[in-house]
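As a plain string of letters, each chain reads:
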Amino acid sequence: MDHHQGHAQYSNHGDKNKVNHSVSSYQQHHHHHHEDKSRHADDSHRMDKHAGHHVDDFKKRFYISLAVTIPILILSPMIQMFLGVDWRFPYDTTVLFLLSSFVFFYGGTPFLAGAYRELRQKIPAMMTLIALAIVVAYCYSSLTVFGLTEVDFFWELATLIDIMLLGHWLEMKSILGASRALEELVRLIPSEAHLVDDDGAIKDVSVMELKPQQVILIKPGERIPVDGAIKIGQSSVDESMLTGESVPVVKKSGDKVIGGAINGEGSLTVTVQNEGGKGYLSQVIKLVKEAQESKSKAQNLSDKAAKWLFYIALAAGLITLAAWLSMGFSFDFAMQRMVTVMIIACPHALGLAVPLVVSTSTSLAAQKGLLIRNRTAFEEARKLNAVVFDKTGTLTQGKFGITDILMASGYDETELLKIVGALEAQSEHPISKGITAEVKKRNISVYGAESVENLTGEGLQGIVGGKKIKVVSPGHMNKHQIAYPAQDYERLASQGKTVVFAVIDGQFAGMISLADQVRETSLDAIEKLKILGVTSMMLTGDNKQVSELVGSQLNIDEIYAEVLPHQKADKIKEIQEKGYLVAMTGDGVNDAPALAIANLGIAVGAGTDVAIETADVVLVRSDPEDVVSILHLSRRTYAKMVQNLWWASGYNIVAIPLAAGILYGAGILLDPAVGAVLMSLSTIVVAINAKLLKAD
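Treat the numbers as computed from the prediction; the structure is a model and nothing was measured. Positions within a chain are numbered from 1, following the residues in the order the chain's sequence is written. The model is predicted, so local features are restricted to residues of pLDDT at least 70 and side-chain atom pairs to those at 80 or more, both for listing and for counting; the totals for chains, interfaces and linings are taken over all residues. Side-chain numbers here rest on the full set of heavy atoms in the structure, without hydrogens or water.

Engineer: Describe the overall build of the protein chain, naming the residues involved and giving the relevant values.
Structural biologist: Along the protein chain, the regular secondary structure elements total 26 helices and 22 strands. Residue burial in the protein chain is summarised as follows: out of 696 residues, 57% are buried. Any pair of residues with heavy atoms lying within 4.5 Å of one another is described as a contacting pair. Look at the contacts in the protein chain between residues 6 or more apart in sequence, and 72% of them connect residues 24 or more apart. Note that accessible areas follow from Shrake-Rupley with a 1.4 Å probe, and for residues the cover is restricted to the protein chains shown. For the protein chain, the accessible surface area stands at approximately 28300 Å², while carbon and sulfur atoms represent 56% of it. Strands here mean DSSP runs of E at least two residues long; helices mean DSSP runs of H or I at least four residues long; both are numbered from the N terminus. Exposure is judged per residue with a 1.4 Å probe applied to protein chains only, and the accessible area is read against the type maximum: over 50% gives exposed, under 20% gives buried, and values in between give partly exposed.

Right under this line is the structure:
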């Protein structure tokens, strides 16, 4: 319904997420047309080191490798020595070699492939460090089969691979899958359109086949398939999901319509402007794709630590070998020292230091209603110094509420609401819902209404208690020259409020002003951001009056109003160029490119699937205070990661020199078995420390 269109702009974003599912089963051709784009954007959300591997792949490799590790541990001479048992049998070394070879090639493949990619790009990191340790351990241990060495590291090789597979599985699991933003956007484009030929006959054709200047029919309630201009007809069109304009817009002959918007109660004959794949929504798809691809692929903390450990391990191993040989020790002894150094340099704890914190913070966040979709962006949230909020549906409830009621003499508020409520109860318009909600809140019983009619773009009229009642816009009042207190109207309108007039038997009876209701938690959220030293900004497609009213109520630092949808991403770039690291919070299709390009994209859960799929973090409760929780949790998560990396690396700082034999003269030489015990202790400390992470 569109009867109040003549008022100020207002919000119906409470309905933003009601996607017309009757058109969501878009045609296969259209889906495949965008499939590659979607996958490409998908990859930008994953980390490079995981290219070609999936969560289930790591999970499967972990469990199978773990199962094979059990007999490896039982057959290992070093473990048997620990336990004080002798389970040796003929060719047990060969069996141990074959089992370890399976774990090395099956479980180690992701790391070997990852190391190859890292070295090809000349950026050694975690994968290269792991590969170095397992290759050295495997090659050196394999020599025992041929009697060339006496010590094997097969059990360390297997447990190292198991722990690293577990770490990477936890890490990938925490990313919560890939982004499907582009597929969600494509769903908003219907698969078919009703083409009107020259003879006036209607046939259904694929949207992708539409050409400019062709004529199509759009029936009431349908989603508009392409951009075009109305040739015949008048209707209200809900563009809120696309443009951020909070009011259904009345469109008539000559007006333009946007593909993806929802047609109201009238039939429209529309002249096609663009080919099927080149409309406004396709531009949004392109913007989201570009923004996702341009997202920085920042190396995470453990990768940075691993890069340095790789160089340290390589240098320490070679120095150890050269030093022992120069002192006249046998090659076998010097080689054993070098291998011990290189294996010990890749601590199990480092592989778990970050993933354990990540999985803990992810589950803590989920308990608080924060779904982390992009871990890297979430980690970087600790550096944010600006939060940009979309207004409607984020800072506000996206629902109208009555702010003022002014009556002509002879009426009281309850009487006026009984009369007005009688008409408004017959309508589904956002303003009608706002008035009806107030009537229910006050427990007022409305009168019965008869002959209720919709005055397109102007309001409603009907018969209540034998009197002719109208609830209409200022435009209708002026058009029919019905006198009303203009000064009061101007005052309310200047505050960005939407005003409707009650007219009884042709005479002004009262006016009701409404406004989008600010969320109770919005003010607290803005105040808390100020305490954290974070600048709050509002970015909206709504008009300046409404935006400034909300901005002043919330004490927001900067307001950007009347920003067109395609300008939102540009505005975020502009803010970033001023030196801000920006979080963008929104809930509509029009927010999707801005969410994708911001340093942290936050979607409120009541928003569209597209906004949610483009975001790095989703707020299940649509509560602005949860934005503050994200910043707090990000800072605490980062602190825990640093602590864990110090624990993990601290082990190396002690173990590498001892393994190299720096205290050999004092009779202290780190045996690989002792190194393994230290490694296990380090892993336990890291695991306990990760679990100590608190959300508040």
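So that's the structure; there's more coming.
Engineer: Give a detailed account of the nonpolar core, specifying residues and quantitative values.
Structural biologist: Counting residues in each nonpolar core, the largest one holds 74 residues, and the members touching the most others are Ile72, Leu129, Leu157 and Leu350. Once residues within four sequence positions are removed from consideration, leucine 129 is found in contact with Ala306, Leu309, Phe310, Ala313, Ala345, Cys346 and Leu350. Judged by nonpolar contacts, the second largest core, of 29 residues, contains Leu384, Ala525, Val550 and Leu554. Side-chain atoms within 4.5 Å link the members of a nonpolar core, which is a set of buried Ala, Val, Leu, Ile, Met, Phe, Trp, Tyr and Cys residues.

Engineer: Help me get a handle on the UniProt feature "transmembrane region" (unreviewed entry) in the protein chain, residues and values and all.
Structural biologist: Mapped onto this numbering, the UniProt entry annotates "transmembrane region" (unreviewed entry) at residues 62-83, 95-116, 128-147, 153-170, 308-327, 339-358, 645-667 and 673-693. Spanning residues 153-170, this segment combines 94% helix with 0% strand, and its end C-alpha atoms are found 26 Å apart. Across residues 645-667 one finds 70% helix and 0% strand; the C-alpha atoms that close the span lie 30 Å apart. UniProt positions are given in the numbering used here, feature names are shortened, and annotations may be inferred rather than shown by experiment.

Engineer: Let's hear about the sheet that holds strand β4 (residues 228-232): which residues, and what values?
Structural biologist: With antiparallel pairing, the 6 strands of this open sheet are ordered in space as β2-β1-β3-β9-β4-β7. Across the chains shown, the open sheet's two edge strands, defined by having one partner strand only, are β2 (202-206) and β7 (256-257). Here a strand pair is declared whenever DSSP counts at least two bridges between the two strands. Judged from the 4 bridges that link them, strand β3 (residues 215-218) and strand β9 (residues 268-272) form a sheet pairing that is antiparallel. Of the residues in β9, the one forming a bridge with leucine 217 is threonine 269.

Engineer: Describe in detail the packing of aromatic side chains, supporting the description with residues and values.
Structural biologist: The rule is short: rings of Phe, Tyr and Trp, with Trp giving its six-membered ring, pair when the centres are within 6.5 Å, and they are stacked under 30 degrees, edge-to-face over 60, tilted in between. If you walk through the whole model with that rule in mind, you get 23 aromatic pairs. Pairing phenylalanine 97 with tyrosine 138 gives two aromatic rings, centres 6.2 Å apart and planes at 15 degrees, and the pair type is stacked. Of this pair, phenylalanine 97 sits in helix α4 (residues 92-107) while tyrosine 138 is found in helix α6 (residues 126-142), placing the two residues 41 residues apart along the sequence. For the pair shown, phenylalanine 97 and tyrosine 138 are each scored as buried. A centroid spacing of 5.6 Å and a plane angle of 85 degrees characterise the contact between phenylalanine 329 and tyrosine 664, whose relative ring orientation is edge-to-face. Placement of phenylalanine 329 in the loop between α11 (301-326) and α12 (331-344) and of tyrosine 664 in the loop between α25 (625-660) and α26 (672-691) is noted, with a sequence separation of 335 residues between them.

Engineer: Describe the sheet that holds strand β14 (residues 459-464), listing the residues and the values that go with them.
Structural biologist: If you trace the 6 strands from one edge of the open sheet to the other, you get β12-β17-β16-β15-β14-β13, paired in antiparallel fashion. Because the sheet does not close on itself, it has two edges, and the strands there are β12 (396-407) and β13 (449-455). Here the strands of the sheet are splayed against their neighbours by 20 degrees on average, with no regard to which way each runs. Think of each axis as a best-fit line through the C-alpha atoms, taken over the contacting stretch in the case of a helix, with angles from 0 to 180 degrees between the N-to-C directions.

Engineer: Quick rundown of the pattern of salt bridges? Include the residues and the values.
Structural biologist: Just to be clear on terms, a salt bridge is a Lys or Arg side-chain nitrogen sitting within 4 Å of an Asp or Glu carboxyl oxygen. The tally for this structure, following the rule as stated, stands at 14 salt bridges. Residue lysine 568 pairs with aspartate 390 through a salt bridge whose shortest N-O separation is 3.4 Å. Residue lysine 568 is located in helix α22 (residues 565-577), and its partner aspartate 390 is located in strand β11 (residues 386-390); the two are separated by 178 residues in the primary sequence. By the burial criterion, lysine 568 is buried, and aspartate 390 matches it. With its nearest N and O atoms 2.7 Å apart, the salt bridge here joins arginine 442 to glutamate 413. Taken together, the positions of arginine 442 in the loop between α17 (430-441) and β13 and glutamate 413 in helix α16 (residues 413-424) put the pair 29 residues apart, joining distant regions of the chain.

Engineer: Describe a nonpolar patch on the surface, naming the residues involved and giving the relevant values.
Structural biologist: Nonpolar side chains collect at one region of the surface, where Val674, Leu678, Leu681, Ile684, Ile688 and Leu692 lie side by side and expose about 520 Å² of accessible area between them. Here leucine 678 falls in the partly exposed class, since its relative accessible area comes to 31%. Nonpolar side chains (Val, Leu, Ile, Met, Phe, Trp, Tyr) are joined into patches within 5 Å and like charges within 9 Å, using only residues with over 30% relative accessible area and no salt bridge.

Engineer: How would you explain the pairing of strand β1 (residues 192-196) if you had to name every residue and give the values?
Structural biologist: Looking at chain direction, β1 and β2 are connected through 5 bridges and run antiparallel. Within β2, the residue paired with leucine 195 across the bridge is lysine 203. Between the antiparallel neighbours β1 and β2 lie 5 residues, among them glycine 200 with a positive phi of about 90 degrees. Summarising the sheet, β1 and β3 pair through 3 bridges and their orientation is antiparallel. Following the sheet pairing, valine 196 is matched in β3 by valine 215.

Engineer: Please give an account of unusual backbone geometry that cites residues and values.
Structural biologist: For lysine 122, which is not glycine, the phi dihedral falls at a positive 60 degrees. With respect to the element layout, lysine 122 can be found in the loop between α5 (109-120) and α6. For lysine 122, a relative accessible area of 72% gives the class exposed. Even without a glycine there, the phi angle at asparagine 443 is positive, about 55 degrees. If you trace the backbone, asparagine 443 turns up in the loop between α17 and β13. In this structure asparagine 443 comes out as exposed when scored by relative accessible area, which is 69%.

Engineer: Talk me through the pairing of strand β20 (residues 582-586); I want residue IDs and the actual numbers.
Structural biologist: Most of β20 sits out of view: 5 of its 5 residues are buried. Burial along β20 is two-sided: the residues Val582, Met584 and Gly586 and Ala583 and Thr585 are all buried. Judged from the 4 bridges that link them, β20 and strand β21 (residues 600-604) form a sheet pairing that is parallel. If you follow methionine 584 over to β21, its bridge partner there is glycine 601.

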